[in-house]
Amino acid sequence: MDGAGKSGTGRGPEGGAAGAPGVGAAGGAGERHARWLLVVALTVQFLVSLDMSVVNVALPDIRSDLGFGGEGLLWVVNAYALAFGGLLMLGGRLADLAGPRRVLTAGLVLFGLASLAGGFAWSPGSLVAARAVQGVGAAALSPVAFALITLAFPAGPARSRALGLWGMAGAAGGAVGVLAGGVLTDATGWRSVMLVNVPIVAFALAAAARTGPVGGGRRPGARLDVAGALLVTAGTTLLVLGLVRASDHGWGSAVTLASLGAAVILLAAFVAVELRTASPLLRPGLLRGRPVLTANLFCLLLASAQFGAFYFVSLYMQLVLGFGPTAAGFAFLPFCVGVVAGSILATRAVAVLGIRRLMTAGATLAALGMAWFAATATVDGGFLVSILGPSLLCSFGIGLCFVPLGTAATTDVATGETGMASGLLNSSRQVGGSLGLAVLVTVAARVTGGSTGRTELSSGYAAAFWAAAGLLTAAALAAYVLLPAERKALGGPTDAERGRGAERDRGAERDRGAEREGDAASR
């Protein structure tokens, strides 16, 4: 699958990539290949989500074993986040240009080798470097996982089920990561939280080999937008860095202001370059479509609330309620159950309710669950009322969002730009997570005033949960106001959509032809 597949609208009789068997392909071989493609996509999504959380519980052991000092330990987490967030757009576009299979294989090998190196790290610097390389691999893998689904499965029930499973894999990876981090650290030491990735990578590579022919090589005449890649990578990295540092040093610190200011300048330069280049890393017109624009705004707000709130739920359980690491990991499992239930329902309800209603309903339920967290985050709170109930409600709402969100993010996307759209969506998610953590940490810190007493901490965490509920409410409003009311998420494309898609494909082909002629003339 080299990006020459069908778009998110499901154009074409099968909606699969050229040369790649979709679920509608004739014969059992096509269906078998599509199933293996789904296995690869879900494994990759699980792996990336797992590694974002599995290290956190092991940080105290890592500090004592390798001798981290001061703020150095934070870079075990931040190095991964910076590389991952900064390179997502580049990873998505490389999948379009070089082919998802090449990018997938390279990303898996890089991720596996970095995990192996991290498991045998001998110093703080070697572990931080391994985590950064893991982030590079994840930036290649995450867009490909989403693109495999949108390219291989036609719009309709098949893609609905695949997107539901994709959401479940992400939720399961995050929940299992928290649990596995505690269990593995207690049982075998912190190094196992790095080495556990290696067999998962090996399985993904073996599954990828079972997919058969899934795409060719580099598209004729295709060329990477090097200037755009450098600008967006540097700009996004500095943006994530500024947001990460804001939670530690405050929004008014020199480091935060310098990082965010430089990020704004670089990203503005990136936009200027993309408006002028014939082969953009991010085609500005992609965001003119209301579903794509709304999906990315919604994803940013959803991730802002979700990532930050998870951080505070973990702290609340351990510092206020007195849970141990392993107990806290098990307490996160109901969240995974809620996401699975919401995703299953979404695969059936989205065709009836449509993208707009389901995204609005999901974000509203998640906001109510977050408000429940806020109202019960007290010193005398208990698992059933303060953790289990709000976890199930919030996660069920989030699970309802994955199917319509994935569909909206690729609606009316031209052929060969699914990786671009996927990279953009994942960038919105990563930046949103960093933004949410920075904002919620600031909110909590202002309430606690630096106190570490259980009463003050619970008040600060409750304030953070209220802020997260506000972000989710904003996401619900964005979906309700900005998305077209008449669109059904999983119905086939209308005649007008097919016409617009065909016109975009012809325009993209004309651009590639002009680019090839320009290259020939320059030679």
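Remember, predicted model here, so these are calculated numbers, not experimental data.

Caption draft 1: The overall build of the protein, seen in detail. When helices and strands are tallied, the protein shows 17 helices and zero strands. Counting over 523 residues, the protein shows a buried share of 57%. Carbon and sulfur atoms form 68% of the exposed surface of the protein, whose accessible area is close to 19,200 Å².

Caption draft 2: Representation of helix 5 (residues 124-152). For helix 5, which comprises 29 residues, the first-to-last C-alpha distance of 42 Å matches the rise-based estimate of 42 Å (1.5 Å per residue) to within 8%. Counting buried positions over the 29 residues of helix 5 gives 22, a clear majority of the element.

Caption draft 3: Focus on the side chain of glutamine 306. Within the secondary structure, glutamine 306 is located in helix 11 (residues 290-320). Ignoring anything within four residues of it in the chain, the contact list for glutamine 306 reads Phe335 and Ile398.

Caption draft 4: Geometry of a nonpolar patch on the surface. Together, Leu297, Tyr480, Val481 and Leu482 make up an exposed nonpolar region whose accessible area comes to about 360 Å². Broken down by element, the nonpolar patch gets its largest block of residues, three residues, from helix 16 (residues 454-482). Mapped onto the secondary structure, leucine 297 falls in helix 11.

Caption draft 5: Looking closely at the side chain of threonine 448. Note on placement: threonine 448 falls in helix 15 (residues 418-448). If we skip the residues at most four places from it in the chain, threonine 448 touches Glu456, Leu457 and Gly460.

Caption draft 6: The packing of helix 6 (residues 157-188) against helix 14 (residues 383-409), seen in detail. Contact geometry of helix 6 with helix 14 gives a least axis separation of 8 Å together with a crossing angle of 115 degrees. The hand of the helix 6/helix 14 crossing is right-handed. Contacts between helix 6 and helix 14 involve Ser160, Leu163, Gly164, Trp166 and Gly167 from the former and Phe402, Val403, Gly406 and Thr407 from the latter. Taken together, the residues of the contact of helix 6 with helix 14 sort by class into four nonpolar, five polar and no charged.

Caption draft 7: Quick look at the nonpolar core. Ile62, Leu127, Phe298, Met370 and Phe465 are the most contacted members of the largest nonpolar core, which has 128 residues in total. Top element by residues in this core is helix 13 (residues 333-376). It accounts for 15 residues. The residues contacting phenylalanine 298, other than those within four sequence positions of it, are Met359, Ala363, Cys401, Leu405, Ala475, Ala476 and Ala479. Grouped together as the second largest cluster of nonpolar side chains are nine residues, Leu82, Leu241, Leu243 and Leu260 included.

Caption draft 8: Quick look at the confidence of the model for the protein. With 82% of its residues at a pLDDT of at least 70, the protein reaches an overall mean of 78. No element of the protein has a lower mean pLDDT than helix 17 (residues 495-522), at 48, and none a higher one than helix 16, at 93. Predicted confidence is poor over residues 1-27, with pLDDT under 50, and the contacts of this stretch with residues over four places away or in other chains come to 107 contacts. Note on residues 514-523: pLDDT is under 50 here. Beyond four places in sequence and across chains, it has nine contacts.

Caption draft 9: Up close: the pattern of salt bridges. Under the criterion given, the structure shown has two salt bridges. Here arginine 131 ties to aspartate 51 by a salt bridge, and the two come within 2.8 Å at their closest N and O atoms. Here arginine 131, found in helix 5, pairs with aspartate 51, found in helix 1 (residues 27-53); they are 80 residues apart in sequence, far enough to count as distant. Both residues of the pair, arginine 131 and aspartate 51, count as buried.

Caption draft 10: Structural context of the environment of glycine 324. Looking at the secondary structure, you find glycine 324 in the loop between helix 11 and helix 12 (325-331). Residue class for glycine 324 comes out partly exposed when judged on its relative accessible area of 30%. A sequence separation of 142 residues divides glycine 324 from glycine 182, and the C-alpha atoms of the two residues are 8.8 Å apart.

Caption draft 11: Looking closely at the environment of alanine 375. For alanine 375, the location among the structural elements is in helix 13. Taking the C-alpha atoms as reference points, alanine 375 and tryptophan 466, separated by 91 residues in sequence, lie 8.4 Å from one another.

Caption draft 12: Structural context of the packing of aromatic side chains. In this structure the tally under the stated criterion is three aromatic pairs. Aromatic pair tyrosine 80 and phenylalanine 84: ring centres 5.8 Å apart, planes at 45 degrees, arrangement tilted. Taken as a pair, tyrosine 80 and phenylalanine 84 lie in helix 3 (residues 74-98) at a separation of four residues, close to a single helical turn. What makes phenylalanine 84 buried here is its relative accessible area of 2%. Aromatic side chains phenylalanine 312 and tyrosine 461 sit 5.6 Å apart centroid to centroid with 50 degrees between the ring planes, which places their arrangement in the tilted category. Linking phenylalanine 312 in helix 11 with tyrosine 461 in helix 16, this pair joins segments that are 149 residues apart in sequence. In this structure, phenylalanine 312 and tyrosine 461 share a single accessibility class: buried. The ring of tyrosine 480 carries the charged tip of arginine 356 above its face, separated from the ring centre by 4.0 Å.

Caption draft 13: Just the environment of valine 313, in detail. Within the secondary structure, valine 313 is located in helix 11. Here valine 313 falls in the buried class, since its relative accessible area comes to 4%. Ignoring sequence-local partners within four residues, the contact set of valine 313 consists of Phe332, Phe373, Ile387 and Phe465.

Caption draft 14: Fine view of the packing of helix 13 against helix 16. Relative orientation of the contacting elements helix 13 and helix 16 amounts to 170 degrees, with a least axis distance of 8 Å. Relative to helix 16, the element helix 13 is oriented roughly antiparallel. Residues Arg356, Met359, Thr360, Ala363, Thr364, Ala366, Ala367, Met370, Ala371, Phe373, Ala374 and Ala375 of helix 13 pack against Ala462, Phe465, Trp466, Ala468, Ala469, Leu472, Thr473, Ala475, Ala476, Ala479 and Tyr480 of helix 16. Looking at side-chain class alone, the contact of helix 13 with helix 16 contains 19 nonpolar, three polar and one charged residues.

Criteria and thresholds
Residues numbered from 1 in each chain as written. Predicted model: local features only at pLDDT ≥ 70, side-chain atom pairs only at ≥ 80, totals over all residues. Heavy atoms only, no water. Helix = DSSP H or I, 4+ residues; strand = E, 2+ residues; numbered from the N terminus. Buried < 20%, exposed > 50% of the residue type's maximum accessible area, 1.4 Å probe, protein only. Areas by Shrake-Rupley, 256 points an atom, 1.4 Å probe, with all protein chains shown as cover. Expected span 1.5 Å × (residues − 1). Contact = heavy atoms within 4.5 Å. Patch = residues over 30% accessible without salt bridge, like charges linked within 9 Å, V, L, I, M, F, W, Y side chains within 5 Å. Salt bridge = Lys/Arg side-chain N within 4 Å of Asp/Glu carboxyl O. Axes fitted to C-alpha atoms, helices over the stretch in contact; angles between N-to-C directions. Left-handed = near helix turned anticlockwise from the far one by under 90°. Nonpolar A, V, L, I, M, F, W, Y, C, P; charged D, E, K, R; others polar. Core = buried A, V, L, I, M, F, W, Y, C linked by side-chain atoms within 4.5 Å. pLDDT = per-residue confidence, 0-100. Phe/Tyr/Trp six-rings, centres within 6.5 Å; stacked < 30°, edge-to-face > 60°. Lys NZ or Arg CZ within 6 Å of the ring centre and 35° of its normal. Parallel < 35°, antiparallel > 145°, perpendicular 65-115°, else oblique.

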